[in-house]
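# Structure at a glance
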Amino acid sequence: MNVGRIIEKLDAYLDRKDYDAAERHLDYWLNEADAGNDPRGKLTVLNEQIGLYRKTGKEAQCLAAIDSALSLADSMDMGQTITGGTTLLNAATGYKAFGKAEEALPLYRKAKTIYESALAPDDKRLAGLYNNMALALTDLKEFAEAKALYQKAIGIMEKQKGGAARVAITRLNLADLIAAEKGPLDGAEEIDRQLLEAEKLLDAEDLPRDGTYAFVCEKCAPVFGYYGYFLTEKELDRRAKEIYERT
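About the cut-offs
Residues numbered from 1 in each chain as written. Predicted model: local features only at pLDDT ≥ 70, side-chain atom pairs only at ≥ 80, totals over all residues. Heavy atoms only, no water. Core = buried A, V, L, I, M, F, W, Y, C linked by side-chain atoms within 4.5 Å. Buried < 20%, exposed > 50% of the residue type's maximum accessible area, 1.4 Å probe, protein only. Helix = DSSP H or I, 4+ residues; strand = E, 2+ residues; numbered from the N terminus. Contact = heavy atoms within 4.5 Å. Axes fitted to C-alpha atoms, helices over the stretch in contact; angles between N-to-C directions. Parallel < 35°, antiparallel > 145°, perpendicular 65-115°, else oblique. Left-handed = near helix turned anticlockwise from the far one by under 90°. Nonpolar A, V, L, I, M, F, W, Y, C, P; charged D, E, K, R; others polar. 1 Å grid on protein atoms, 1.4 Å probe; cavity = no way out; pocket = protein on both sides within 12 Å on 5 of 7 lines; lining within 4 Å. Points joined across faces, edges and corners; volume = space filled by probe spheres on them. Patch = residues over 30% accessible without salt bridge, like charges linked within 9 Å, V, L, I, M, F, W, Y side chains within 5 Å. Areas by Shrake-Rupley, 256 points an atom, 1.4 Å probe, with all protein chains shown as cover. Salt bridge = Lys/Arg side-chain N within 4 Å of Asp/Glu carboxyl O. Lys, Arg positive; Asp, Glu negative; His and termini not counted. Charge placed at Lys NZ, Arg CZ, Asp CG, Glu CD. Phe/Tyr/Trp six-rings, centres within 6.5 Å; stacked < 30°, edge-to-face > 60°. Lys NZ or Arg CZ within 6 Å of the ring centre and 35° of its normal.

### Examining the nonpolar core
Side chains of a nonpolar character, in soluble globular proteins, are inclined to be buried together. Counting 81 residues, the largest nonpolar core has Tyr 108, Leu 202, Cys 220, Phe 224 and Tyr 227 as its most contacted members. Among the elements that line this core, the one with the most residues is helix α9 (residues 164-182), at 10 residues. Beyond its immediate sequence surroundings of up to four residues, Leu 202 is in contact with Ala 165, Ala 168, Leu 207, Arg 209, Tyr 213, Val 216, Cys 220, Phe 224, Leu 236 and Arg 239.

Here it is, written out as structure tokens:
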């Protein structure tokens, strides 16, 4: 299977928020992978399904895709490969999305070991792992470890072209961590500092106004609203809507 073209088409559906078409697309290629006896292609599709079902809130389908992906990766003896680490990461993030942080954390730890041994220290995939793992740690009240991982993620993404948007998400995650650890009142000053920094990053003129930026705006807007930054929330929603309508 031409995995690159499959992902390219999937991204086009996701940019338009056409999730039904994205689901049909992945179902078709999952069947094709089975018919063509292509386990590597199948694992790629399963990993994409985990992400899609997480995004659309389909818990049963997401958990089924996780089970299939982990089982397939084991049968292929992926071991310490980057693909194996990515499968663990996606599975963990799927668990976390549906309130299963305790199940997610051991998978994050395994993925972290693989990624840190196989990837360059400034690889943006490490930043994604650190961010997602820190979210699970925050749920489990392991605040010190979570904060350290967020700082590592920021250090990586600050060096990436277009990384400002991802740093903004991490800043908002840090605001939520502070609120969970200290409470919204005792932590108000630190929370505001993270929010203002995130807002500045999202306003950067050199950020491409593309589907990724729209997704980040959409993700960040309700966090600003939760902390009372209603004008920022409204503006980010407007930007996201404008991009989606254009594409």
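### Some remarks on the packing of helix α2 (residues 19-35) against helix α3 (residues 39-56)
Packed helix pairs are characterised by how far apart their axes lie and by the angle those axes make with each other. It is the contact of α2 with α3, at a shortest axis distance of 9 Å, that shows an interaxial angle of 155°. Classified by the angle between their axes, α2 and α3 sit roughly antiparallel to one another. Handedness of the crossing formed by α2 with α3: left-handed. For the pair α2 and α3, the contacting residues are Tyr 19, Ala 22, Glu 23, Leu 26, Asp 27, Trp 29, Leu 30, Ala 33 and Asp 34 in the first and Gly 41, Lys 42, Val 45, Leu 46, Glu 48, Gln 49, Leu 52, Tyr 53, Lys 55 and Thr 56 in the second. Partitioning the contact of α2 with α3 into residue classes produces 10 nonpolar, 3 polar and 6 charged.

### As for the layout of surface pockets
Quantified by volume, the second largest pocket comes out at close to 250 Å³. Asp 74, Gly 79, Gly 84, Leu 88 and Lys 110 are the residues nearest the centre of the second largest pocket, which is lined by 13 residues in total. Elements represented by at least two residues in the lining of the second largest pocket include exactly α4 (59-75), α5 (82-97) and α6 (101-118). Considering only residue class, the lining of the second largest pocket consists of 6 nonpolar, 4 polar and 3 charged.

### With respect to a positive patch on the surface
On the surface, a cluster of positive charge is made up of Arg 54, Lys 55, Lys 124, Arg 166 and Lys 219. The partly exposed category is assigned to Arg 54, whose relative accessible area is 33%.

### Some remarks on the pattern of salt bridges
Following the criterion strictly, the structure yields 14 salt bridges and no others. Measuring nitrogen to oxygen at the nearest pair gives 3.5 Å for the salt bridge that ties Glu 197 to Lys 200. Remark: Lys 200 and Glu 197 occur in helix α10 (residues 188-202); sequence separation between them is 3 residues, near one turn of the helix. For Arg 239, the salt bridge identified is with Asp 203, shortest N-O distance 2.8 Å.

### Some words on the environment of Lys 55
Position of Lys 55 among the secondary structure elements: in helix α3. In sequence terms Lys 55 and Glu 116 are 61 residues apart; their C-alpha atoms lie 27 Å from each other. Contacts of Lys 55, omitting those with residues within four sequence positions, involve Tyr 19 and Phe 215.

### Side note on the packing of aromatic side chains
Tallied over the entire structure, the rule returns 3 aromatic pairs. Taking 6.1 Å as the distance between ring centres and 55° as the angle between the ring planes, the aromatic pair formed by Phe 224 and Tyr 229 counts as tilted. For the pair shown, Phe 224 and Tyr 229 are each scored as buried. Aromatic side chains Tyr 226 and Tyr 227 sit 4.9 Å apart centroid to centroid with 85° between the ring planes, which places their arrangement in the edge-to-face category. Residue Tyr 226 is classed as exposed on the basis of its relative accessible area, which comes to 65%. With relative accessibility at 18%, the residue Tyr 227 sits in the buried group. Taking the ring centre of Tyr 213 as reference, the NZ or CZ of Arg 209 above it sits at 4.4 Å.

### Side note on a negative patch on the surface
Together, Glu 8, Asp 11, Asp 15 and Asp 210 make up a region of like negative charge exposed at the surface. By secondary structure assignment, the location of Asp 11 is in helix α1 (residues 3-15). Using a relative accessible area of 38% as the deciding quantity, one classes Asp 11 as partly exposed.

### A look at the side chain of Asn 173
Of note, Asn 173 is situated in helix α9. The buried category is assigned to Asn 173, whose relative accessible area is 13%. Those residues in contact with Asn 173 that lie beyond four places of it in its chain are Asn 131, Leu 135 and Tyr 150.

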